[in-house]
Amino acid sequence: ISYLICATPRSGSTLLCEALRNTRLAGNPDEYFGPMHVSHWCEKWKTGTDEEYIRNVLEHGCGPNGVWGAKVMRLYWPDFLTQLRRLAGSPNPSELELLETRFPGLRYVFITRRNKIRQAVSWLKFLQGSAWYWEDDAPQKLDDLEFRPDVVDDFLKQTSIHESAWLEFFEQSGQEPY
């Protein structure tokens with residue numbers, strides 16, 4: 001069993017990954033495909049080629065029971081597909097063919113946050129102070145936060161565009177996400 005969590009920033013996807021990982025039944029879902037994530041993992045795993053990288057992702061994202069999971073943000077979906085295209089044997093495979101070749105039987109989990117305003121404000125706080133999660137059982141204290149309606153509005157628009165793109169992918173590929 002393999003699954004891909006399809007997300008947008010600040011949607012709760014990190015919490016979902018942690019919860020799934022903690023069950024010890026759902027693999028080790030993490031972000032493996034964003035440009036900064038690829039750099040991080042390549043350095044950690046001493047990976048040289050795309051083929052080695054995907055092999056490491058499959059190994060690291062897999063739990064003892066064989067379940068594999070990962071998370072991908074729509075923002076870097078094109079980078080992820082480009083990486084898979086470099087590995088593809090056929091000249092112009094569809095997105096679904098690319099995914100099925102590397103991740104047979106792949107299922108999709110679409111995570112969305114109902115309150116988009118809170119999601120956007122969370123993003124603003126992250127941009128101003130890296131408030132990502134609690135450390136040492138206490139929330140990070142962010143000094144000098146500035147409310148920026150323009151940033152909140154821009155993030156609302158981006159989130160809407162990215163979620164619409166996910167839904168379009170599911171519809172066009174005939175995939176029904178969880």
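Residues numbered from 1 in each chain as written. Predicted model: local features only at pLDDT ≥ 70, side-chain atom pairs only at ≥ 80, totals over all residues. Heavy atoms only, no water.

(A) Seen up close, the overall build of the protein. When helices and strands are counted, the protein shows seven helices and three strands. The N-to-C order of helical and strand elements in the protein reads β-α-α-α-β-α-α-β-α-α. Here the C-alpha atoms of the protein give a radius of gyration of 17 Å, agreeing with the 16 Å that 2.2 N^0.38 yields for 178 residues. Here the protein, with 178 residues, has 40% of them falling under the buried criterion. Long-range contacts, defined here as pairs at least 24 residues apart, represent 68% of the contacts in the protein between residues at least 6 apart. Working note: accessible area of the protein is about 10600 Å², and carbon and sulfur atoms make up 53% of it. In the protein, 20 positive and 25 negative side-chain charges are present, and the distance between their average locations comes to 3 Å. (Helix = DSSP H or I, 4+ residues; strand = E, 2+ residues; numbered from the N terminus. Rg over C-alpha atoms; globule rule 2.2 N^0.38 Å. Buried < 20%, exposed > 50% of the residue type's maximum accessible area, 1.4 Å probe, protein only. Contact = heavy atoms within 4.5 Å. Areas by Shrake-Rupley, 256 points an atom, 1.4 Å probe, with all protein chains shown as cover. Lys, Arg positive; Asp, Glu negative; His and termini not counted. Charge placed at Lys NZ, Arg CZ, Asp CG, Glu CD.)

(B) Seen up close, helix H6 (residues 116-129). Compared with the 20 Å implied by 1.5 Å per residue over 14 residues, the 20 Å span of H6 between its first and last C-alpha is a close match. Within the span of H6, buried status applies to Gln119, Ala120, Ser122 and Leu124. Taken together, the buried residues of H6 touch helix H7 (149-173). The N-capping residue of H6, defined by a side-chain oxygen 3.2 Å from the backbone nitrogen of Ile117, is Asn115. (Expected span 1.5 Å × (residues − 1). Polar contact = N/O pair within 3.5 Å; in protein donor to acceptor, adjacent residues only side chain to side chain.)

(C) Quick look at the packing of aromatic side chains. This structure, assessed with the given rule, holds 18 aromatic pairs. Judged by centre distance (6.3 Å) and plane angle (75°), the ring pair of Phe33 and Phe103 falls under edge-to-face. Of the two residues, Phe33 is situated in the loop between helix H1 (13-23) and helix H2 (35-45) and Phe103 in the loop between helix H5 (95-102) and strand E3 (106-110); the sequence distance between them amounts to 70 residues. By the burial criterion, Phe33 is buried, and Phe103 matches it. Between Trp123 and Phe155 the ring centres are 5.1 Å apart and the planes differ by 15°, which places this aromatic pair in the stacked class. Of this pair, Trp123 sits in helix H6 while Phe155 is found in helix H7, placing the two residues 32 residues apart along the sequence. When its relative accessible area of 4% is taken as the criterion, Phe155 is described as buried. A cation over a ring is seen here: Arg74 above Trp166, with NZ or CZ 4.9 Å from the ring centre. (Phe/Tyr/Trp six-rings, centres within 6.5 Å; stacked < 30°, edge-to-face > 60°. Lys NZ or Arg CZ within 6 Å of the ring centre and 35° of its normal.)

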